[in-house]
Amino acid sequence: MLTAPDRLILVIGDPFVSAAAMAAPLRPLLPAGYAVVEHDWPIALEEAVEVNRVVERAGPDAARLAPLPDLDAERLAGVVTGFHPLTAATLSGWPRLSFVATLRAGTEHIDDAELRRRGVPLVNNAGRNANAVAEFTVASILGHLRHVGEGHHAIRTGGWRPTAPKHGYQELSGATVGLVGFGAVGALVARRLRGFDTRVLVSDPWADLSGHPGVCGVALPELLREADIVSLHARLTPQTRHLLGAAELDLLAPHALLVNTARAELLDEEALVERLVDGRVAGAVLDVFGTEPLPRDHPLRVLPSVSLSPHLAGSTVQARTRAPALLAERIVAVLRPSDSQVAAPGGSLL
């Protein structure tokens, strides 16, 4: 029988957040007898970004990875990772795991089926950048409605006022905003919209709206028909891939604005482009794309009705510094089972 001093926790850093930064808030919270081993993934930032894109689409086995530290598998109690993938083969070599944790909200880079088979908790970091994404969502809606980017570009390039937009300069106040998904981000977006006197509709079969006055839950088709602005905040699962396909996009009002700061695959991008080109969808705000970086010849680059951002909605100094401390508290809650928080299979859209 192992004693508490024998337990190790491997912390795997990456070019985004180092192992030292991830371990710093965790060490003082750990129960007696646990030791942290730090390891930084030896990979350049650009390569890590590309590995992440591949893994998000094809799973952790799609990545080629350098060997991890050769630790005593019998003593390894937990693994904490940021973006470094963890395959079933890797996890199977650690037979005494008490938990696996990730600094991210998503868990696509970890073979959760292997963990479920063994009953090992998977701790994710939902909400780590929720405030950043919520702020960006509202800011980008405002920027698009008032065409701030076009005005900035006109002055930067020596001009003055740009060509007036087809639907004019619009206000957010009084609009009906539909939120597809109501997890951490969706709830924060709704809270920030209160000050604009908007009507907020939510489509999420698992959402608890009791603490959100003025927010109305509706079925997705009703939301798409009634909303002036539709903003996606659902988690990507096999069931939510192309949640908005051609048929759903055709339900949008002719003046509607579609916003996606969540996952590109929630939306049928090709169907959206077709409808933006022929005017069936009035406009879009997009921070995520089916292929990233967006190809130089992609039609979205030249459509005047689209506001584009290079996948930056969740990228703030505050989100990055807050994430390790938030995850440390969740890990300690798992090590003290009376207060555990784990990523459960299935569940909410978000």
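Not measured: the values here are computed from a predicted model.

Caption draft 1: A look at the overall build of the protein chain. A tally of helices and strands in the protein chain yields eleven helices and twelve strands. Radius of gyration (C-alpha) of the protein chain: 22 Å, near the 20 Å computed for a compact globule of 350 residues. Expressed as a percentage of its 350 residues, the buried residues of the protein chain come to 49%. Long-range pairs, those at least 24 residues apart, make up 64% of the contacts in the protein chain between residues at least 6 apart in sequence. For the protein chain, the exposed area adds up to about 16,700 Å²; of that, 53% sits on carbon and sulfur atoms. Averaged over its 32 positive side-chain charges, the protein chain has a centre that lies 3 Å from the centre of its 38 negative ones.

Caption draft 2: Geometry of the packing of aromatic side chains. Per the stated rule, a full pass over the model turns up one aromatic pair. The interplanar angle of 35° and the centroid separation of 4.4 Å between the aromatic rings of Phe16 and Phe83 together place this pair among those described as tilted. Linking Phe16 in the loop between β1 (7-13) and α1 (19-23) with Phe83 in the loop between β3 (76-81) and α3 (88-92), this pair joins segments that are 67 residues apart in sequence. Phe83 carries the same exposure label as Phe16, and that label is buried.

Caption draft 3: Structural detail: the nonpolar core. Membership of the largest hydrophobic core comes to 32 residues, with the highest contact counts inside it found for Val230, Leu244, Leu272, Leu276 and Leu300. Elements that contribute at least two residues to this core include exactly α8 (220-226), β9 (229-232), α10 (269-278) and β11 (283-286). At four residues, the largest contribution of residues to this core is made by α10. Setting aside its immediate chain neighbours within four residues, Leu300 contacts Glu269, Val273, Leu276, Leu286, Phe289, Leu294, Val306 and Leu308. Counting residues in hydrophobic clusters, the runner-up holds 29 residues, among them Ile9, Leu30, Ala48 and Val332.

Caption draft 4: Inspection of the layout of surface pockets at higher detail. Its volume calculated, the second largest pocket comes out at about 1,100 Å³. Lining of the second largest pocket is provided by 43 residues; of these, His144, His147, Pro304, Ser305 and Ser307 occupy positions nearest its centre. Mapped onto the lining of the second largest pocket, the elements with two or more residues apiece are α5 (130-145), α6 (148-156), β11 and β12 (306-308). Ranked by the residues each element gives to the lining of the second largest pocket, the list is headed by α5, at six residues. Considered class by class, the residues forming the lining of the second largest pocket number 22 nonpolar, 15 polar and six charged.

Procedures and definitions
- Residues numbered from 1 in each chain as written.
- Predicted model: local features only at pLDDT ≥ 70, side-chain atom pairs only at ≥ 80, totals over all residues.
- Heavy atoms only, no water.
- Helix = DSSP H or I, 4+ residues; strand = E, 2+ residues; numbered from the N terminus.
- Rg over C-alpha atoms; globule rule 2.2 N^0.38 Å.
- Buried < 20%, exposed > 50% of the residue type's maximum accessible area, 1.4 Å probe, protein only.
- Contact = heavy atoms within 4.5 Å.
- Areas by Shrake-Rupley, 256 points an atom, 1.4 Å probe, with all protein chains shown as cover.
- Lys, Arg positive; Asp, Glu negative; His and termini not counted.
- Charge placed at Lys NZ, Arg CZ, Asp CG, Glu CD.
- Phe/Tyr/Trp six-rings, centres within 6.5 Å; stacked < 30°, edge-to-face > 60°.
- Core = buried A, V, L, I, M, F, W, Y, C linked by side-chain atoms within 4.5 Å.
- 1 Å grid on protein atoms, 1.4 Å probe; cavity = no way out; pocket = protein on both sides within 12 Å on 5 of 7 lines; lining within 4 Å.
- Points joined across faces, edges and corners; volume = space filled by probe spheres on them.
- Nonpolar A, V, L, I, M, F, W, Y, C, P; charged D, E, K, R; others polar.

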